[in-house]
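Inside the fold
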Amino acid sequence: MMDNRLRVAGEAFLLLLLSLVMSEVGLASLIAVTPLLFFSIRHGRIGASILIAGAFILELVIAGFRGGAFGAGKLGAAVLMIEMFIPLSLSAAGIVWLSTKGMSVMKRLFMTLLPSLVLALACVAFFYSDRALLTDLQLLFEDAFVALVGPVLELILPGVDMSLIAYVALLSVVSLVLPVILCGICASCFIYETVLHSRESDWEEKVMCLEYNPDAVWGFIVSWALVLLLRFVSAPLLLEIAVLNVAGIWTVVYAVQGFSVVFARLRRRSAAMRSMTLLIIVIVLTVLLPGINFIILIGLPLIGVLESFFDLKKLGGIDYENHS
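Residues numbered from 1 in each chain as written. Predicted model: local features only at pLDDT ≥ 70, side-chain atom pairs only at ≥ 80, totals over all residues. Heavy atoms only, no water.

**What to know about the packing of aromatic side chains**
Quick note on the threshold: Between 30 and 60 degrees the pair is tilted, below 30 it is stacked and above 60 it is edge-to-face, where a pair is any two Phe, Tyr or Trp rings, Trp via its six-membered ring, whose centres lie within 6.5 Å. Think of it in three bands: residues with accessible area under 20% of the maximum for their type are buried, residues over 50% are exposed, and the middle band is partly exposed, with areas taken using a 1.4 Å probe on protein chains only. Whether a charge lies above a ring is judged from NZ of Lys or CZ of Arg, which has to be within 6 Å of the ring centre and within 35 degrees of the ring normal.
All chains considered together, the criterion is met by nine aromatic pairs. When the ring of Phe126 is compared with that of Phe127, the centres are 5.2 Å apart and the planes differ by 70°; the resulting orientation is edge-to-face. On the basis of relative accessible area, Phe126 is assigned to the partly exposed category, the value being 29%. The cationic tip of Arg108 hangs over the ring face of Trp97; the distance from NZ or CZ to the ring centre is 3.7 Å.

See below:
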């Protein structure tokens, strides 16, 4: 009994350590919850949820001491809140994913985003209740931005207005934060599900056969129509940011269906093709190759949307059942 407890504790420690290391390595931080999800395969949903919650608390403590947020007053607490927004969102999403087994893929994706939406609304309410704090944060971001990229921009664009560039960069970040979180959720949950079902002979077929309700495509169409409308109609900045986030969320959702279509077409040509291999190729091309990444970011959602109208998987004789 004691040996078994030590083995479980050792496994939890190694997965926790791997997750913490990933959380410190650039884009890998977006899938840092993945090792913690693996704990559920052998030890159940509750054990994995506790481990995920513990990992977040540990990461919060580390970030607080490293940034000097503890004891740094309201501004330090606000900076820590922003820094931990994505880790908390991804941790909560991991717990929600484990708790929604049996739901359709689209429902599970939107359920995993609910904690992020609640956190975002809480942050908006908090910062709009203290405009002075919001101004201080904006100035802090501008200083950090100028220190990081200012020398490079001065070489490329002498005399450029750094304040304006920093403001645009800040708006870009807040306008894409939820879609970026959803990308991390999709990647983490797909890796977890692939490992979980690795011994099932029909797993790759299930990936090929993922399909949404065709009527759901109107969410994508309407959200992007609103984005275009707001280019010509004056609206509060907060509303524009919200609409861009919603449109980005639908774009990621349909990129998932587009991924399934591409995999189905490739799988028809080569039975040895694996969905995890395709995911790695997509990630590498998106991260490392300018130009190609733009094609992928536009192409996958577009293919996913077209699938709702033309059933691209069946073109050429692919037969499948809906496993969405």
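**Side note on the pattern of salt bridges**
The condition is simple: Salt-bridge detection follows one rule: a side-chain nitrogen of Lys or Arg within 4 Å of a carboxyl oxygen of Asp or Glu.
Evaluation of the coordinates by the stated rule reveals five salt bridges. A salt bridge links Glu240 to Arg231; its shortest N-O distance comes to 3.3 Å.

**Side note on the nonpolar core**
Across soluble globular proteins, you tend to see nonpolar side chains buried next to one another. Inclusion rule: In this description, a nonpolar core means a group of buried Ala, Val, Leu, Ile, Met, Phe, Trp, Tyr and Cys residues linked to one another through side-chain atoms lying within 4.5 Å. Only DSSP runs of H or I covering at least 4 residues are called helices, and only runs of E covering at least 2 are called strands; the numbering of each starts at the N terminus.
With 46 residues, the main nonpolar core has Ile181, Leu182, Ile185 and Tyr254 as its most contacted residues. Element by element, the count of residues in this core is highest for helix H7 (residues 162-196), at eight residues.

**Section: empty space enclosed by the protein**
Rule in force here: A pocket, in this scheme, is an open set of points on a 1 Å grid over the protein atoms alone with protein on both sides within 12 Å along at least 5 of 7 lines, while a cavity is a set where a 1.4 Å probe fits but cannot get out; residues line either one if an atom lies within 4 Å of a point. Grid points are joined across faces, edges and corners, and a volume is the space filled by probe spheres set on the points. Residue polarity follows a fixed list, in which Ala, Val, Leu, Ile, Met, Phe, Trp, Tyr, Cys and Pro are nonpolar, Asp, Glu, Lys and Arg are charged, and the others, Gly among them, are polar.
Applying the stated criterion across every chain yields a total of one cavity of 30 Å³ or more. Its boundaries defined by the atoms lining it, the largest cavity holds a volume of some 40 Å³. For the largest cavity, the full set of lining residues is Val33, Leu37, Leu90, Ala93, Gly94, Gly184, Ile185, Ser188 and Cys189. Of all the secondary-structure elements, those providing two or more residues to the lining of the largest cavity are helix H4 (85-99) and H7. Per-element tally for the lining of the largest cavity: the top contributor is H7, with four residues. Each residue belonging to the lining of the largest cavity can be placed in one class, and the counts come to six nonpolar, three polar and no charged.

**A closer look at the packing of helix H3 (residues 73-83) against helix H6 (residues 131-156)**
The condition that has to hold: Each axis is a line fitted through C-alpha atoms, and for a helix only the stretch in contact is used; angles between axes span 0 to 180 degrees, taken between their N-to-C directions. Convention used here: angles under 35 degrees read as roughly parallel, angles over 145 as roughly antiparallel, angles from 65 to 115 as roughly perpendicular, and any remaining angle as oblique. By convention the crossing between two helices is left-handed if the near helix lies anticlockwise of the far one by an angle smaller than a right angle, and right-handed if it lies clockwise. By the convention used here, residues are in contact when the closest approach between their heavy atoms is within 4.5 Å.
Between H3 and H6, the least distance of the axes is 10 Å, while the angle of their chain directions is 65°. The angle between the axes of H3 and H6 places the two elements in the roughly perpendicular class. Handedness of the crossing formed by H3 with H6: right-handed. The segment H3 lies against H6, with Lys74, Leu75, Ala78, Val79 and Ile82 engaging Leu133, Asp136, Leu137 and Leu140.

**With respect to the environment of Arg274**
Mapped onto the elements, Arg274 comes out in the loop between helix H10 (237-269) and helix H11 (275-288). Along the primary structure Arg274 and Phe263 are separated by eleven residues, whereas in three dimensions their C-alpha atoms are 8.1 Å apart. Each residue touching Arg274, except ones within four places of it in the same chain, is listed here: Glu204, Phe263 and Arg267.

**Considering the environment of Val33**
Here Val33 lies in the loop between helix H1 (2-22) and helix H2 (34-67). For Val33, a relative accessible area of 7% corresponds to the buried category. Sequence-wise, Val33 and Met84 are 51 residues apart; in three dimensions their C-alpha atoms are separated by 14 Å. Setting aside residues no more than four positions away along its own chain, Val33 makes contact with Ser19, Ile52, Leu90, Ser91 and Ser188.

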